[in-house]
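Single-letter residue listing:
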Amino acid sequence: MGIYSFVCLTDDPFSKIRRQLEKWTLEQPVEKVYLHLDKPYYAAGDDIWFKAYVVSGGLHRLSTLSGILNVELIDEQDSIKQSVKLPLDSGVTNGDFALPDTLHQGNYRIRAYTNYMRNAGKEYFFDRQIAIINTINHNKNNIVKASSINNKGAGKIDVQFFPESGYLVNGITSKVAFKAVAPNGLGVAIKGILTDSKRQQVTEFASVHLGMGVFELTPKAGVTYQAKIIDGNGSAINIPLPIAVDKGEVLTIDDNDRRNLLVKIAISRPLLITDPGMQLTLIAESAGKIYFTAKTKAGTAVSSLVIPRNKFPSGIVRFTLFSGVGEPLNERLVFIQNTDRLNLKLTADRQVYAPRQKVKLMLTAQNSNNQPAAGSFSVSVTGETRMPADEDTQNNILASLLLTSDLRGYVEQAAWYFNHADEKSRAALDVLMLTQGYHRFEWKEILKDVYPAKQYRPENSLQVSGTVLTTGGKPVIDAKVKLFDLDSIQFTRDAVTDEHGRFIFKNLTFDDSVRFIVQARTSKNKKDVDIKMDKLMPASTSSNKISPDFQNDFSGRLAVYAQSSKQLYEEQRRYGLGNHVISLQEVVIREKRQAVRNSSNLNGPGNADQIIMGKDLQAIGCINISDCLQGRLVGVNFSNGVAYSTRDFRPMQLIVDGMYVEDKYLNTVNYNDVQAIEVLRNIGLTSIYGGRGGSGVLLVTTKRGDENDEPEPVYGRGITTYYPKGYYKARKFYSPLYDRSGTNKQLADLRTTIYWNPNLLTGKDGNTFFEYFNAGSKGTYRVVIEGIDNKGHLGRLVYHYHVQ
């Protein structure tokens, strides 16, 4: 076989490929989100503090494309428990979730995305699993349902094989990567033997990290291959390898050299005989930008090329081999880890501290050239002795923005590849690239000028929009529309509908609790029109890719934190602090019966043990009805949106407008549409429902538009109410100041989050200072700083100090 060199192109002959890629980059910009959380896991009653970094493009510059970020807390049943909408300021924002102490123990996830990111699909959202324990147990039904957690021991493992170039070619040596996955979605260690169709052993192989590994194979024509897999339990399965072809090319990249990539292209002899003059072009791109192109004429069997790593930015680089007519033939992903990260350094005012002593730290940020870096950072300080942390199982800004945010599939322990700068981690990362798919775009689609439709536009500010229709459903042109704020007489806006009856109020700023009235009149000032408001629903929460991270070993792994959380709860209750409710004994409530129009109550409207009116739900302002009702209904507890009677802890029968519905249906009802909720628990009221009412009945009556329980004329022709989701006003983290009078020094300071600051900025000199007081406990404290400079360089630092 001969060796010939590539010709590196300065003037790319594949102008169409370059032009189409530039068009895709311009018209389909990529946004990514990362959330820095204050802790790796939580307890009911805790606060979740976070800072969001939104970047765009391959250089990870802070994004100016979107101005709004959606952040959601989702439970195991894919129900959104809390959500906030936050304004972005030059790509950053911060927020929090207050966890009530009635929250059920289990696996939760925090998801973040901009409206524009919905075009790429929820697989590219920021999505992180967090465990929330509950040591308080207000609810006896506070359990983790086994059906929602994967069982690692059940079922057979799944093993897949991935030839480096996508397929095997007879007579050409190829790398073959493999990945073994247990039924719970996590990698499992295996070993195996590869045999041919003559039952001769070809090679042995074994996984090197999380069920992944690689071996080499030179397939022969007319021979098939089979792998005999043996898992950790000694069970054996046989899996055939993909059948090799006679004609084809194999793109191989050797990633062992720290400075260079060795690229080889091998072409089968039958293909060379068929087309001895074929031209091949190699293109390497990252985030839609071409960083390297080389061209050659096929005349020999093997071609090689050495490419310096510093030609590429850190992150995923996709190498694609094209035919002479521009058809993509082979593809290979490579992860580049260069030195273009921020160097972060913390300088402390002392080496050892005492409990409740002031800590002064200086952060210094420098780029890879040791020049000062101005950037935006967030810092979290936790008591690691009371809250142990596993760096490899936690997400971090490097693993998220450089790796997982560009991959559609699940990546197990992504942070591990960045926490261990050794040969093993680098080799394992290359195997991951061989087994993982990249789907930001497909070459064939963009070369045909086929782009996915952009259904969701970037949100730069809040807006209110809708359509004015006649009673017959036709658009009303030039209708005059007014927007009023029920709580602010001074706030009014005017708009006129277009030829489609559409109206829009742009560039609005309002809080989450706003209540609007929208009024419309025809051009002749007639009010006989209907107003249809636009409602942007949250992205679907089903089928998330991080479900393998869900766990069921809360008592073992989080035992230390569970004890700390219980102690903190008792101390806060003693002084009336924290996100806590007071458990009451069951009482009998006697009050004047409230009339409920249109109620389907078989006992008669209003004949109930308790009634909650719709206006009361609006005043509470929860995301889900079950959250509004939790702790407000006597003898009723809610678990994952389902109402349970405290008498037998079984689901209550849910009836909505006379229809018997599933117990999980409650949170699908918009609380703004509820007229009243009636609670039936007394046997004298439930017996009429027979066996279905044995555990109680929850009756929901929705509004018909003829209610008069609101003082404002909000229903009727030409007028409607509208309660959009506005901006959440983030709280400020409280850190006690023990050098000031008035601070409660009697309180045993058992906090696990000692300090949180989402707005840490370094100046032109790359420096900034921050200070805080330690908690009252001794042990090891852990400081985590993450952030990004104004050129898109990422940084992360973990620092420890001791309190004695």
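Note that the coordinates shown come from a computational prediction; the quantities given were computed from them, not determined experimentally.

### Considering the packing of aromatic side chains
Remark: the centre distance and the inter-plane angle together describe each pair of aromatic rings, the angle taken between the planes. The tally for this structure, following the rule as stated, stands at 25 aromatic pairs. Ring centres 5.7 Å apart and planes at 45° place the aromatic pair Phe50 and Phe97 in the tilted group. With Phe50 in strand 5 (residues 47-56) and Phe97 in strand 9 (residues 92-98), this pair connects stretches of sequence that are 47 residues apart. On the numbers, 5.4 Å between centres and 45° between planes, the contact of Tyr781 with Tyr801 is tilted. Here the residue Tyr781 occupies a position in strand 46 (residues 779-789), and Tyr801 occupies one in strand 47 (residues 794-803), the gap between them amounting to 20 residues. Note on Tyr781: relative accessible area 1%, which makes it buried. Three or more aromatic residues joined by ring pairs make a cluster, and in this case those are Phe161, Phe178, Phe205 and Phe215.

### Structural notes on the pattern of salt bridges
In total, this model carries 26 salt bridges according to the counting rule given. Notably, a salt bridge pairs Glu423 with Arg258, separated by 3.2 Å at the nearest N-O pair. Taken together, the residues span a long stretch of sequence, with Glu423 in helix 5 (residues 423-435) and Arg258 in the loop between strand 19 (249-254) and strand 20 (260-267) at a distance of 165 residues. Assessed through its relative accessible area of 43%, Glu423 is described here as partly exposed. Judged by its relative accessible area of 53%, Arg258 is exposed. Residue Arg350 is joined to Asp349 by a salt bridge in which the shortest nitrogen-to-oxygen separation is 4.0 Å. Residue Arg350 is classed as partly exposed on the basis of its relative accessible area, which comes to 40%.

### Remarks on a nonpolar patch on the surface
A contiguous nonpolar surface patch, about 280 Å² in accessible area, is contributed by Leu602, Tyr660 and Ile688. Structurally, Ile688 can be placed in the loop between helix 11 (683-686) and strand 42 (697-702).

### Regarding the nonpolar core
Grouped together as the largest cluster of nonpolar side chains are 55 residues, with contacts concentrated most on Leu35, Ile48, Phe50, Val71, Ile130, Leu403 and Tyr417. Considering every element that reaches this core, the biggest residue donor is strand 5, with 6 residues. The residues touching Leu35, leaving out its near neighbours within four places in the chain, are Phe50, Lys51, Ala52, Val71, Ile110, Ala112 and Phe126.

### Regarding the confidence of the model for the protein chain
Here the protein chain averages 87 in pLDDT, while 89% of its residues score no lower than 70. In the predicted structure, residues 1-5 sits below a pLDDT of 50 and forms 17 contacts with residues beyond four places in sequence or in another chain. The model gives residues 708-714 a pLDDT under 50, and that stretch makes 11 contacts with residues more than four places away or in other chains.

### Notes on helix 1 (residues 15-27)
Under the 1.5 Å per step criterion, the end-to-end length of helix 1 is 18 Å for 13 residues, consistent within 8% with the ideal 18 Å. The secondary structure elements touched by the buried residues of helix 1 are strand 21 (279-286), strand 22 (289-297), strand 24 (315-322) and helix 6 (443-447).

### Let's talk about the sheet that holds strand 33 (residues 502-508)
On the basis of which strands lie adjacent, the open sheet formed by 3 strands has the order 33-30-35 and antiparallel pairing. Each edge of the sheet is formed by a strand with only one pairing partner; in this case those strands are strand 33 and strand 35 (530-533). Across the sheet, the mean angle from the axis of one strand to that of its neighbour is 25°, orientation sign disregarded. Note that strand 30 (residues 462-469) and strand 33 share 5 bridges and pair antiparallel. Counterpart to Ser465 in the pairing with strand 33 is Ile504.

Cut-offs and rules
Residues numbered from 1 in each chain as written. Predicted model: local features only at pLDDT ≥ 70, side-chain atom pairs only at ≥ 80, totals over all residues. Heavy atoms only, no water. Phe/Tyr/Trp six-rings, centres within 6.5 Å; stacked < 30°, edge-to-face > 60°. Helix = DSSP H or I, 4+ residues; strand = E, 2+ residues; numbered from the N terminus. Buried < 20%, exposed > 50% of the residue type's maximum accessible area, 1.4 Å probe, protein only. Salt bridge = Lys/Arg side-chain N within 4 Å of Asp/Glu carboxyl O. Patch = residues over 30% accessible without salt bridge, like charges linked within 9 Å, V, L, I, M, F, W, Y side chains within 5 Å. Areas by Shrake-Rupley, 256 points an atom, 1.4 Å probe, with all protein chains shown as cover. Core = buried A, V, L, I, M, F, W, Y, C linked by side-chain atoms within 4.5 Å. Contact = heavy atoms within 4.5 Å. pLDDT = per-residue confidence, 0-100. Expected span 1.5 Å × (residues − 1). Pairing = 2+ DSSP bridges. Axes fitted to C-alpha atoms, helices over the stretch in contact; angles between N-to-C directions.

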